[in-house]
Amino acid sequence: MSQQLTYSSKINKIRTFALILVFAGIITMYGGILTKNIEWLMVIFFILGTLMVILSCAVYVWIGTLSLRAVPVICPSCEKPTKMLGRVDACMHCKQPLTMDKNLEGIEFDEKYNSRKYKNK
Ligand SMILES: [Zn+2]
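We now turn to the structure provided with this report.

Rules behind the numbers
Residues numbered from 1 in each chain as written. Predicted model: local features only at pLDDT ≥ 70, side-chain atom pairs only at ≥ 80, totals over all residues. Heavy atoms only, no water. Donors = N, O, S within 2.8 Å, 3.2 Å for Na, K, Ca; no water. Tetrahedral: all angles 85-135°; square planar, octahedral: opposite > 155°, others 65-115°. Helix = DSSP H or I, 4+ residues; strand = E, 2+ residues; numbered from the N terminus. Buried < 20%, exposed > 50% of the residue type's maximum accessible area, 1.4 Å probe, protein only. Axes fitted to C-alpha atoms, helices over the stretch in contact; angles between N-to-C directions. Parallel < 35°, antiparallel > 145°, perpendicular 65-115°, else oblique. Left-handed = near helix turned anticlockwise from the far one by under 90°. Nonpolar A, V, L, I, M, F, W, Y, C, P; charged D, E, K, R; others polar. Contact = heavy atoms within 4.5 Å.

Describing the coordination of the zinc ion
At step 1: Surrounding the zinc ion are the protein donor atoms Cys75 (SG), Cys78 (SG), Cys91 (SG) and Cys94 (SG), at 2.2 to 2.3 Å.
At step 2: Taken together, the 4 donor atoms coordinating the zinc ion span angles of 104 to 117 degrees at the metal, a pattern that classifies the geometry as tetrahedral.
At step 3: Ordering the donors of the zinc ion by residue number gives the pattern C-x2-C-x12-C-x2-C. Placement of cysteine 75 in the loop between β1 (71-74) and β2 (81-84) and of cysteine 91 in the loop between β3 (88-90) and β4 (97-99) is noted, with a sequence separation of 16 residues between them.
At step 4: The class of cysteine 75 is buried, set by a relative accessible area of 1%.

Pasting the structure below:
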């Protein structure tokens, strides 16, 4: 069942990535402050930090676009509204794997997911 615990919704994954990127950018800029005696190193740290923050902003805009395309569904497991990206995704709240395409059941996910999925029907 370890796979089920690590499987999270795609939007949540991208959001986590953007958040990590912001922090990485801030830490890199902080590194620039620490190395202010070495001018070229400070400049490199600041440029890298700025790039990471800009990239994370771009990722946030991308999430917004993805969210618009995502299909809102009611999770069969926890009965909360969630958003699905693509044909196969996981519930944002309980990590329940969801699929739009019945033919994909058992292909994208292994038997563990299916047994739980069938129980919910
Ligand atoms: Zn759920």
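Let's talk about the packing of helix α2 (residues 10-34) against helix α3 (residues 39-69)
At step 1: Between α2 and α3, the shortest axis-to-axis distance is 8 Å and the interhelical angle comes to 165 degrees. With respect to their mutual orientation, α2 and α3 come out roughly antiparallel. Considering the relative orientation of α2 and α3, their crossing is left-handed.
At step 2: Looking at the contact of α2 with α3 residue by residue, the classes come out as 22 nonpolar, 8 polar and 1 charged.

Some thoughts on the environment of cysteine 75
At step 1: For the pair cysteine 75 and leucine 98, spaced 23 residues apart in sequence, the C-alpha to C-alpha distance is 7.9 Å.
At step 2: Beyond its immediate sequence surroundings of up to four residues, cysteine 75 is in contact with Lys80, Thr82, Cys91, Cys94 and Gln96.

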